[in-house]
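Survey of secondary and tertiary structure
Single-letter residue listing:
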Amino acid sequence: MRSVTRWDAAFDRALVEAYAATAHGDVPVGAVLLDAGGRTVAVGHNERELTGDPTAHAEVVALRRGAVAVGEWRLTGHTLVVTLEPCTMCAGALVAARIARVVFGAYDPKAGAIASLFDVVRDPRLNHRPEVVGGIRADECAAVLREFFDRE
């Protein structure tokens with residue numbers, strides 16, 4: 001039995017978003033942006049296949065929608081919950097958006113830029129370094145990806 005975390009509701013929503021990506025043939029990654037009080041501000045899932053945009057990763061989609069909802073590009077105090085460890089592009093976007101915290105599920109040994117291959121967001125040379133919480137519901141998040149790639 002898995003332990004309950006404070007991030008469970010956000011991960012439930014992120015997993016719904018991840019499955020939504022598969023409707024248009026995209027890799028199932030979902031993200032949820034929370035404000036400082038833990039309320040959902042925006043959600044996103046991979047939309048590269050849908051939009052033809054190589055930057056339409058779940059994290060970037062959620063950050064863009066969140067900036068519109070908040071009315072500012074600085075997402076200070078916000079947390080991004082995502083089903084897969086962010087890549088270098090998304091890690092850079094998290095730093096640029098001034099995200100306070102990133103919480104991710106599955107580690108990504110091929111492209112992960114927060115723990116697996118690189119640690120972009122905690123590089124001391126950067127002007128902003130979010131808190132990182134990794135491996136939350138990792139098995140469940142990884143299973144969604146395995147199911148997708150097993151069908152491909």
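Look up: the structure comes first, before these words.
The structure reproduced in this document is the subject of the present report. Remember, it's a predicted structure, so these values are computed and weren't measured experimentally.

Another aspect to go through is unusual backbone geometry. Even without being a glycine, Arg-98 presents a positive backbone phi close to 65°. Counting through the fold element by element, Arg-98 comes out in the loop between helix H4 (88–96) and strand S4 (101–106). Under the relative-accessibility criterion, Arg-98 is labelled partly exposed at 24%. Located in the positive-phi region is Arg-137, a residue other than glycine, with phi close to 50°. Within the secondary structure, Arg-137 is located in the loop between strand S5 (131–133) and helix H5 (138–151).

Another aspect to go through is the pairing of S4. With six of six residues buried, S4 is to be regarded as a mostly interior element. Regarding topology, H4 serves as the crossover connection from strand S3 (residues 79–84) to the parallel S4, and that connection is right-handed. Strand direction decides the pairing type here: S4 and S5, joined by three bridges, are parallel. Counterpart to Arg-101 in the pairing with S5 is Glu-131.

Ordered by their spatial adjacency, five strands build an open sheet running S2-S1-S3-S4-S5, and the pairing between neighbours is mixed. Looking at the sheet topology across the chains shown, the edges are occupied by strand S2 (40–45) and S5. The average undirected angle you get between the axes of adjacent strands in this sheet is 15°. Across four bridges, the pairing between strand S1 (residues 30–34) and S3 is antiparallel. Pairing of Leu-34 across the sheet is with Thr-79, part of S3. On top of the sheet, H5 reaches S3 and S4; it is set at about 65° to S4, its chief contact.

Reading the values: the criteria
Residues numbered from 1 in each chain as written. Predicted model: local features only at pLDDT ≥ 70, side-chain atom pairs only at ≥ 80, totals over all residues. Heavy atoms only, no water. Helix = DSSP H or I, 4+ residues; strand = E, 2+ residues; numbered from the N terminus. Buried < 20%, exposed > 50% of the residue type's maximum accessible area, 1.4 Å probe, protein only. Right-handed = clockwise from strand over helix to strand, strands pointing away. Pairing = 2+ DSSP bridges. Axes fitted to C-alpha atoms, helices over the stretch in contact; angles between N-to-C directions. Contact = heavy atoms within 4.5 Å.

Purely geometric numbers; function is a separate question.
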